[in-house]
Amino acid sequence: RTDVNKCLDAARNAKRIGSGLAAKVSLSVADDSIFEALQKFNPSRGESNTVDELSYYLLVSEVELSKDKSVAEGAEFSLVGEESGVHVGVDVASGKKCDRCWVYSEYVGESENHPLLCRRCEEIVTKIGVNSQPVPELAQ
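Rules used in this analysis
Here, residues in each chain are numbered from 1, in the same order as that chain's written sequence. pLDDT decides what is reported in this predicted model: residues at 70 or higher carry local features, side-chain atom pairs at 80 or more are listed and counted, and totals for whole chains, interfaces and linings draw on all residues regardless. Processing note: side-chain calculations cover all non-hydrogen atoms of the structure and skip hydrogens and water entirely. Labels follow the DSSP assignment, with helices taken as runs of H or I lasting at least four residues and strands as runs of E lasting at least two, numbered in each case from the N terminus. Accessibility here uses a 1.4 Å probe with only protein chains present; expressed as a share of the type maximum, an area under 20% marks a residue as buried, one over 50% as exposed, and anything in between as partly exposed. One bridge is not enough; two strands pair if DSSP finds at least two bridges between them. Confidence scores labelled pLDDT are given residue by residue by the predictor and lie between 0 and 100. Contacts are assigned to residue pairs that have any heavy atoms within 4.5 Å of one another.

(A) Geometry of unusual backbone geometry. Not every positive phi belongs to a glycine, and K15 is a case in point at roughly 65°. Following the sequence through the fold, K15 ends up in the loop between α1 (2–13) and β1 (23–28). Assessed through its relative accessible area of 73%, K15 is described here as exposed. Despite not being glycine, W102 shows a phi value in the positive range, around 70°. Take W102: it is sitting in the loop between β5 (96–97) and β6 (104–105). The class for W102 is exposed, based on a relative accessible area of 51%.

(B) Broad picture of the pairing of β1. With five of six residues buried, β1 lies mostly within the body of the structure. Pairing of β1 with strand β2 (residues 62–66) involves five bridges; the strand directions are parallel. Bridging from a neighbouring strand, K24 pairs with E62 of β2.

(C) Just the confidence of the model for the chain, in detail. In this model, the chain carries an average pLDDT of 86, and 87% of its residues clear a pLDDT of 70 or more. Predicted confidence for residues 45–50 stays below pLDDT 50, and this span has five contacts to residues more than four positions away or in other chains.

Right, dumping it as structure tokens:
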């Protein structure tokens, strides 16, 4: 996490992001044991509850995990971890900002009932019984 924070700070100092949630982090890991440990927290593996726990741990909107170092090196900001040897890259997150959790997601805007929410937040508000997003001018 220290190396990711260093790279996030470089993006903040360059005024490319404000908070970590405005970032996509790419981690390129050559070491198989480190890769497998990180992959357990990343839902692309298909064995999770679709929650990207790695992005929550790093406090960013998206994490791309790869064994190919060019993935992180191709990011707008990148560095190699001094101790871990993990290549870290930071880009501006894609998508729009969720009004509820502030995570950037390409899903925001796709829901008919909750167009201002990401998929995770839409599932939560639907589960608790909120059927539609309030009209912005009436919510004030």
